[in-house]
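Residue-level structure breakdown
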Amino acid sequence: MSRENATCPSFRTCFHRYKKTKNKEATTTTKKGQKSEKRREEMEKKKVLRTSSNGGDTWENLNPEILAQIFVRIPLQEMLKSVPLVCQSWREAVAGPYCWAHIDIEQWCRRKNLTKDIDFAVRRLVRRSRGTLRSLSAYKLGDIAFSFVANAGKFLTVLKIPMSDVTDRMVEKHAESLATVTVLDISNCVKITCKSLEALGKNCKFLVHLRRNMPPPEFPSGQDAPLNPAEEGEAMAVAETMPSLLHLDLAYGSFSDLGLDAILTKCKALRHLDIQGCWNVKMEDNIEQKCDRIEDFRGPWDDEYDDANPSDDGEEESDGEEVFTPSDNSDDSE
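What comes next concerns the included structure. (Residues numbered from 1 in each chain as written. Predicted model: local features only at pLDDT ≥ 70, side-chain atom pairs only at ≥ 80, totals over all residues. Heavy atoms only, no water.)

When helices and strands are tallied, the protein chain shows 14 helices and eight strands. A burial count over the protein chain gives 39% of its 334 residues as buried. Sequence separation of 24 or more characterises 68% of the internal contacts of the protein chain that already satisfy a separation of 6 or more. In the structure as shown, the protein chain presents an accessible area of about 19,800 Å², 51% of it carried by carbon and sulfur atoms. (Helix = DSSP H or I, 4+ residues; strand = E, 2+ residues; numbered from the N terminus. Buried < 20%, exposed > 50% of the residue type's maximum accessible area, 1.4 Å probe, protein only. Contact = heavy atoms within 4.5 Å. Areas by Shrake-Rupley, 256 points an atom, 1.4 Å probe, with all protein chains shown as cover.)

Structure representation (structure tokens):
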């Protein structure tokens, strides 16, 4: 630019107009960019609010394992009948294995009280676990369901099946499959004998808690207690094959001082021992001294044995027949 043009009034005017126009265009572009960015942020916020309010993508994106941790705290009937109707992700979580690692249907079984229907329900729920079963609590189980559980429970640690119709033959056949069990309740299973206890003891090397309470015998007229002959088989099986036991319940067993002494001698880690109603035990010689070393001991003549289920809080629930029915084959294809 020559000195003459720079000093020309008309040129200076045009140059200033040019600079002003450029600055105005730059300012307009900046404002438009800011408005566009602000509008984009507002749209994102509205999308998040809509998602949170209707529970759409939020629930669908949750890990099924997290959903399972919530659903297992819901009553069984609601989890089976109501939860799957909420949305697809909930339905898939309930149908998957994560909700069925721990199965407790003992109260439902007690109301149902039919081995055939109970076996069907147990098979159906264990099938859903798909090999992840960790604990099972049922009642009046039959041989069919017991066999199914043993074959599917390679990670099973807790098995509670009081009052079941399981036989020695089935227990001896599948005891090897229950090697990981640490807690076992086979109370009032009258078809199980010392043969089953021996098979379980030889295979369940991690067993630390055993409940083997039996039904109280009937009192003959004119007697304070029934005089059944002593049978040491079960006590001897426990003593010889279960040395690691910490907790042992043998209420109303038919063993005598001989069987009790064997248990006290071999099971040195015992912290809890209940032999209420074992009237063949006389606590003679040094038996009483050995029992005194156990932290929690209940003798044959202690207060009346309380076998009430602690989980039975008196809450009324519907019978639940519609939850498990043999005509429902919806899970057979799983």
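Moving on, we get to empty space enclosed by the protein. In this structure the tally under the stated criterion is one cavity of 30 Å³ or more. Phe-146, Leu-159, Val-171, Leu-184, Ile-186, Ile-192 and Leu-200 are the residues that line the largest cavity. When grouped by side-chain class, the residues that make up the lining of the largest cavity number seven nonpolar, no polar and no charged. (1 Å grid on protein atoms, 1.4 Å probe; cavity = no way out; pocket = protein on both sides within 12 Å on 5 of 7 lines; lining within 4 Å. Points joined across faces, edges and corners; volume = space filled by probe spheres on them. Nonpolar A, V, L, I, M, F, W, Y, C, P; charged D, E, K, R; others polar.)

The next subject is the environment of Val-171. Residue placement: Val-171 occurs in helix α10 (residues 168-174). Residues Val-171 and Lys-195 lie 24 residues apart in sequence; the distance between their C-alpha atoms is 8.8 Å. Beyond its immediate chain neighbours, meaning those up to four positions away, Val-171 contacts Phe-146, Val-166, Ile-192, Ser-196 and Leu-200.

Judged by nonpolar contacts, the single largest core of 70 residues is most densely connected at Val-122 and Leu-260. Not counting the four nearest positions on each side in its chain, Leu-260 is found in contact with Phe-255, Leu-273, Ile-275, Val-281, Met-283, Ile-287 and Cys-291. (Core = buried A, V, L, I, M, F, W, Y, C linked by side-chain atoms within 4.5 Å.)

On to helix α13 (residues 257-266). Side chains of residues three or four places apart in an α-helix project in the same direction, reflecting 3.6 residues per turn. Turning to α13, its buried residues are Asp-257, Gly-259, Leu-260, Ala-262, Ile-263 and Leu-264. Structurally, α13 contributes buried residues whose contacts are with α12 (233-241), β6 (247-249), β7 (272-274) and α14 (287-292).

Axis angle and axis distance: for two packed helices, these are the angle between their axes and the distance between the axes, and together they describe the pair. At a minimum axis distance of 8 Å, the contact between helix α8 (residues 115-129) and helix α9 (residues 143-152) shows a crossing angle of 15 degrees. What the angle tells us is that α8 and α9 run roughly parallel. α9 is crossed by α8, and the crossing has left-handed handedness. Seen from α8, the contacting residues are Asp-119, Val-122, Arg-123, Val-126 and Arg-127; seen from α9, they are Asp-143, Ile-144, Ala-145, Phe-148, Val-149 and Ala-152. Split into classes, the residues belonging to the contact of α8 with α9 amount to seven nonpolar, no polar and four charged. (Axes fitted to C-alpha atoms, helices over the stretch in contact; angles between N-to-C directions. Parallel < 35°, antiparallel > 145°, perpendicular 65-115°, else oblique. Left-handed = near helix turned anticlockwise from the far one by under 90°.)

Here the focus is the sheet that holds strand β2 (residues 135-137). Across the sheet, eight strands lie side by side as β1-β2-β3-β4-β5-β6-β7-β8; this open sheet has parallel pairing. Both outer strands of the open sheet, β1 (102-104) and β8 (296-298), are each paired with one neighbouring strand and no more. In this sheet, adjacent strand axes meet at a mean angle of 5 degrees when their direction is disregarded. Summarising the sheet, β6 and β7 pair through three bridges and their orientation is parallel. By the bridge assignment for β7, His-247 is matched with His-272. (Pairing = 2+ DSSP bridges.)

With that settled, consider the packing of aromatic side chains. The geometry of an aromatic ring pair is captured by two quantities: the separation of the ring centres and the angle between the planes. Inspection of the entire model under this criterion finds two aromatic pairs. Both rings, one in Trp-279 and one in Trp-301, keep their centres 5.8 Å apart while their planes meet at 40 degrees; by these two values the pair is tilted. Separated by 22 residues along the polypeptide, Trp-279 in the loop between β7 and α14 and Trp-301 in the segment after β8 bring together distant segments of the chain. On the basis of relative accessibility, which here comes to 14%, the residue Trp-279 falls in the buried class. By way of ring pairs, the aromatic residues Tyr-252, Trp-279 and Trp-301 are connected into one cluster. (Phe/Tyr/Trp six-rings, centres within 6.5 Å; stacked < 30°, edge-to-face > 60°.)

Here the focus is the side chain of Ser-196. Mapped onto the elements of the fold, Ser-196 is located in helix α11 (residues 194-203). In this structure the side chain of Ser-196 is engaged in a polar contact, spanning 2.3 Å, whose partner is the side chain of Asp-168. Sequence-distant contacts of Ser-196, that is, excluding residues within four places in its chain, are made with Thr-167, Asp-168 and Val-171. (Polar contact = N/O pair within 3.5 Å; in protein donor to acceptor, adjacent residues only side chain to side chain.)

The next thing to look at is the pattern of salt bridges. Within this structure, the stated rule accounts for nine salt bridges. A salt bridge links Glu-240 to Lys-266, with the nearest nitrogen and oxygen atoms 2.9 Å apart. Of this pair, Glu-240 sits in helix α12 while Lys-266 sits in helix α13, placing them 26 residues apart in sequence. For Lys-266, a relative accessible area of 37% gives the class partly exposed. Put simply, Asp-185, Arg-211 and Asp-249 are held in one network by salt bridges that share partners. (Salt bridge = Lys/Arg side-chain N within 4 Å of Asp/Glu carboxyl O.)

Here α11 has its buried residues at Ser-196, Leu-197, Ala-199, Leu-200 and Gly-201. On its buried side, α11 packs onto α10, β4 (183-185), β5 (209-211) and α12.

Below, the discussion takes up unusual backbone geometry. Look at Asn-113: it is not a glycine, yet its phi comes out positive at around 60 degrees. Tracing the chain through its elements places Asn-113 in the loop between α7 (106-112) and α8. Positive phi, normally seen in glycine, also occurs at Lys-140, with a value near 55 degrees. Along the chain, the position of Lys-140 falls in the loop between β2 and α9. Assessed through its relative accessible area of 22%, Lys-140 is described here as partly exposed.

Treat this as a map of the structure, not an account of what it does.
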